Amino acid sequence: MSAIRQRNVALILARELAVNVATPMWVWDESGSLVYYNDHVAAMLGITNGGFDISELGELSQFSPSDLDGTPIPTPELPSAIATGRREPAHREMTILGRDGVRRTLTVTAFPLFGRGGAFVGAMSVFWQRDGDSS
Amino acid sequence: MKIRIWGCRGSLAAPGPSTVKYGGNTSSVEVRLEDGSLIVLDAGTGIRDLGRHIAAGEPVKKINLFLSHLHLDHVEGIGFFSALWNPDIELHVWGPPSPLRSLQDRIATLMSPPLFPVHLADVPCRPIYHDVPEEEFMIGDARIHVAPVAHRNATVGFRIEENGRSFAYIPDHEPALGIDLERVEPEWVSGFSVAHGADVLFHDSQYTEDEYPDHRAWGHSSVAHTVLFGQMTKVKDLVLFHHDPAHSDEQLELHRKRAKELWGGNNGAPELAYEGMEIELKG
Ligand SMILES: [Zn+2]
Ligand SMILES: [Zn+2]
């Protein structure tokens, strides 16, 4: 029976929160893999075709994240990398270049998730888009 | 293993003429393994009669009490469990872990004045407390798998496997909260690993489909959710458990009728849990 894969209930409920809100959110598992992003994240990343494969999405690093002054943000310094890697909360303002070629200004808050017993089960990021189409 | 129900009522004990057939005691289930090892699932009011039954039978040296969670209906009988008053019994109590307070501390809150006249520290038995581990563990020849499940407050489901037969116990569970059970992948369904392919599943079915919308996020399932969960986990026998205290015997029989309609097939499942129900799983 150990062969049956089962996500921790805290991660299940985190994902269902992301499913049920109109706030852009994505969810990472304990190994640091992205396991869910909602439609609102997709829109913010300029992904318009619905069937985008989650394994292709990977990291925000694919979207040229930069500080507001244009300095590129190294991948380990991205909020979701801090939440999954260091298991610490992180918050940052940045710009990203969407798949549609539009650079958008975002605020990102990422935080680690610990199950009831205290075990690390994954992380969530919440996004706020600050403007529509600055370039 | 042999399974016997001593209490299957949810939320609050509900004795009286309208609940005589299925019983008014809250959750407590006895599991006897092939080698005679005794596991008790939950310590609702049903555990009092179980304790008397144990005391009247062959002397028992060791009992493993598995607590699915610490809601009152699952622990309120513990002070009336004969084993707690017998210094010759080695009582192991297993429950969901908390990084804030030990299992012993949490139970001691219940077992202390003014809620109870005696402090837990003053009972003759010296229970040994265990946080349920994330990895499987053994009791006798039985393999125990535990997983946290969706309910209010820390709650786990138990799966007991012995000689190729399996019994799953998830008395309080709302796997359908915010989730379309018909569309989601199994690994994203709370309780899936506990129930998957079990010979017998005891599962929360507190509400009717009509009642559920007013009780969403209360941590329980409708009859329809229970059937769907039983189907998707491919259990062989589904037993509707944790009857709402407001539901009479007659109402429960309507729930069974509805559950059978939804289940389809001819194998007899689902059934209603009742006090005294016995199930034997032979290897
Ligand atoms: Zn309960
Ligand atoms: Zn409960």
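This is a predicted model, so every value here is computed, not measured. (Residues numbered from 1 in each chain as written. Chains lettered and ligands numbered in written order. Predicted model: local features only at pLDDT ≥ 70, side-chain atom pairs only at ≥ 80, totals over all residues. Heavy atoms only, no water.)

### Comments concerning the overall build of chain B
Scanning chain B from terminus to terminus reveals six helices and 14 strands. The C-alpha atoms of chain B give a radius of gyration of 18 Å, which matches the 19 Å a tight globule of 283 residues would have. If one aligns the C-alpha atoms of chain B with their principal axes, the spans along those axes are about 50 × 40 × 40 Å. When the 283 residues of chain B are sorted by exposure, 57% land in the buried category. Considering only intrachain contacts with a sequence separation of at least 6, the fraction spanning at least 24 residues in chain B is 69%. Surface exposure of chain B reaches about 11800 Å², of which carbon and sulfur atoms provide 51%. Seen as two clouds, the 25 positive and the 41 negative side-chain charges of chain B have centres 3 Å apart. (Helix = DSSP H or I, 4+ residues; strand = E, 2+ residues; numbered from the N terminus. Rg over C-alpha atoms; globule rule 2.2 N^0.38 Å. Buried < 20%, exposed > 50% of the residue type's maximum accessible area, 1.4 Å probe, protein only. Contact = heavy atoms within 4.5 Å. Areas by Shrake-Rupley, 256 points an atom, 1.4 Å probe, with all protein chains shown as cover. Lys, Arg positive; Asp, Glu negative; His and termini not counted. Charge placed at Lys NZ, Arg CZ, Asp CG, Glu CD.)

### Brief notes about the confidence of the model for chain B
In this model, chain B carries an average pLDDT of 95, and 99% of its residues clear a pLDDT of 70 or more. Across the whole predicted complex the pTM is 0.91, and at the interface the ipTM reaches 0.78. (pLDDT = per-residue confidence, 0-100.)

### Points about the packing of aromatic side chains
Tallying each qualifying case throughout the model produces eleven aromatic pairs over all chains. Summarising the aromatic geometry, the rings of Trp26(A) and Trp28(A) are spaced 5.5 Å apart at their centres and angled 85 degrees between planes, so their arrangement reads as edge-to-face. Summarising the aromatic geometry, the rings of Phe202(B) and Phe241(B) are spaced 5.5 Å apart at their centres and angled 20 degrees between planes, so their arrangement reads as stacked. Taken as a pair, Phe202(B) in strand 11 (residues 200–204) and Phe241(B) in strand 12 (residues 237–241) lie far apart in primary sequence, 39 residues in all. Relative accessible area serves as the criterion here: at 0%, Phe241(B) is assigned to the buried category. Among the aromatic residues, those joined into a cluster by ring pairs are Phe66(B), Trp94(B), Phe137(B) and Phe158(B). Residue placement shows Arg15(A) over the ring face of Trp188(B); its charged tip is 4.2 Å from the ring centre. (Phe/Tyr/Trp six-rings, centres within 6.5 Å; stacked < 30°, edge-to-face > 60°. Lys NZ or Arg CZ within 6 Å of the ring centre and 35° of its normal.)

### Here's the deal with the coordination of the zinc ion (ligand 2)
Residues and elements named next belong to chain B. For the zinc ion (ligand 2), the protein coordination sphere consists of His69 (NE2), His71 (ND1), His151 (NE2) and Asp172 (OD), at 2.1 to 2.5 Å. In this structure, the zinc ion (ligand 2) is coordinated by four donor atoms arranged in irregular fashion, with angles at the metal of 91 to 171 degrees. Between the donor residues of the zinc ion (ligand 2), the gaps in sequence give the motif H-x1-H-x79-H-x20-D. Between the zinc ion (ligand 2) and the zinc ion (ligand 1), a separation of 3.4 Å is found, and both are coordinated by Asp172. Residue His69 is located in the loop between strand 4 (62–66) and helix 2 (72–75), and its partner His151 is located in the loop between strand 8 (142–148) and strand 9 (156–162); the two are separated by 82 residues in the primary sequence. (Donors = N, O, S within 2.8 Å, 3.2 Å for Na, K, Ca; no water. Tetrahedral: all angles 85-135°; square planar, octahedral: opposite > 155°, others 65-115°.)

### What to know about the interface of chain B and chain A
Where the parts come together, the accessible area they lose is often given as the size of the interface. At the interface, 28 residues of chain B touch 18 residues of chain A. Here chain B and chain A share an interface that buries about 1900 Å² over both sides, 63% of which is from carbon and sulfur atoms. Taken as a group, Glu187(B), Trp188(B) and Ser193(B) account for 35% of the area that chain B buries against chain A, more than any other trio of residues on that side. Where chain B touches chain A, the interface holds three salt bridges. The salt bridge partner of Glu187(B) is Arg5(A), with a shortest N-O separation of 3.6 Å. For the pair chain B and chain A, the number of links is seven residue pairs in polar contact (both at pLDDT 80 or more). Taken together, the elements giving at least two residues each to the side of chain B that touches chain A come down to strand 8, strand 9 and helix 4 (192–195) of chain B. Among the elements that make up the side of chain B that touches chain A, the one with the highest residue count is strand 8 of chain B (four residues). (Buried area = accessible area lost by both parts, 1.4 Å probe. Salt bridge = Lys/Arg side-chain N within 4 Å of Asp/Glu carboxyl O. Polar contact = N/O pair within 3.5 Å; in protein donor to acceptor, adjacent residues only side chain to side chain.)

### Digging into unusual backbone geometry
All names here are of chain B. Each neighbour pair has its own omega, and for Pro113 with Pro114 the value is 5 degrees, a cis peptide bond. Within the element layout of this structure, Pro114 appears in the loop between helix 3 (103–110) and strand 6 (128–131). Backbone geometry at Ser11 places phi at a positive 70 degrees, although glycine is not the residue there. Mapped onto the elements of the fold, Ser11 is located in the loop between strand 1 (2–7) and strand 2 (28–32). If you check the backbone angles, Ala217 has positive phi at about 75 degrees while not being a glycine. Mapped onto the elements of the fold, Ala217 is located in the loop between strand 11 and helix 5 (223–232).

### Structural notes on helix 6 (residues 249–263) of chain B
An α-helical turn contains 3.6 residues, so any two residues separated by three or four positions project in the same direction. All names here are of chain B. Here helix 6 contains 15 residues, and its C-alpha end-to-end distance of 21 Å stays within 8% of the 21 Å for a straight helix at 1.5 Å per residue. Those residues of helix 6 that are buried are in contact with helix 5, strand 12 and strand 13 (271–272). At the exit of helix 6 stands Gly264, carrying a positive phi of roughly 70 degrees. (Expected span 1.5 Å × (residues − 1).)

### Considering the coordination of the zinc ion (ligand 1)
All names here are of chain B. Within the first shell, the zinc ion (ligand 1) binds the protein through Asp73 (OD), His74 (NE2), Asp172 (OD) and His242 (NE2), at distances of 2.1 Å. What the four donor atoms of the zinc ion (ligand 1) show is an angle range of 90 to 167 degrees at the metal, which sorts the shape as irregular. Sequence spacing of the donor residues for the zinc ion (ligand 1), all on one chain, is D-H-x97-D-x69-H.

### Quick word on the sheet that holds strand 2 of chain B
Residues and elements named next belong to chain B. Here we have seven strands laid out as an open sheet, ordered 6-5-4-3-2-1-14, and mixed in their pairing. The sheet is open, and its two edges are formed by strand 6 and strand 14 (278–280), each paired on a single side. Averaged over all pairs of adjacent strands, the angle between their axes in this sheet comes to 20 degrees, without regard to strand direction. Relative to strand 6, strand 5 (residues 90–95) is paired through four bridges, and the arrangement is parallel. Within the sheet, the bridge partner assigned to Gly95 lies in strand 6 and is Asp131. Against the sheet, helix 3 makes contact with strand 5 and strand 6, and its axis sits at roughly 120 degrees relative to strand 6, the strand it touches most. (Pairing = 2+ DSSP bridges. Axes fitted to C-alpha atoms, helices over the stretch in contact; angles between N-to-C directions.)

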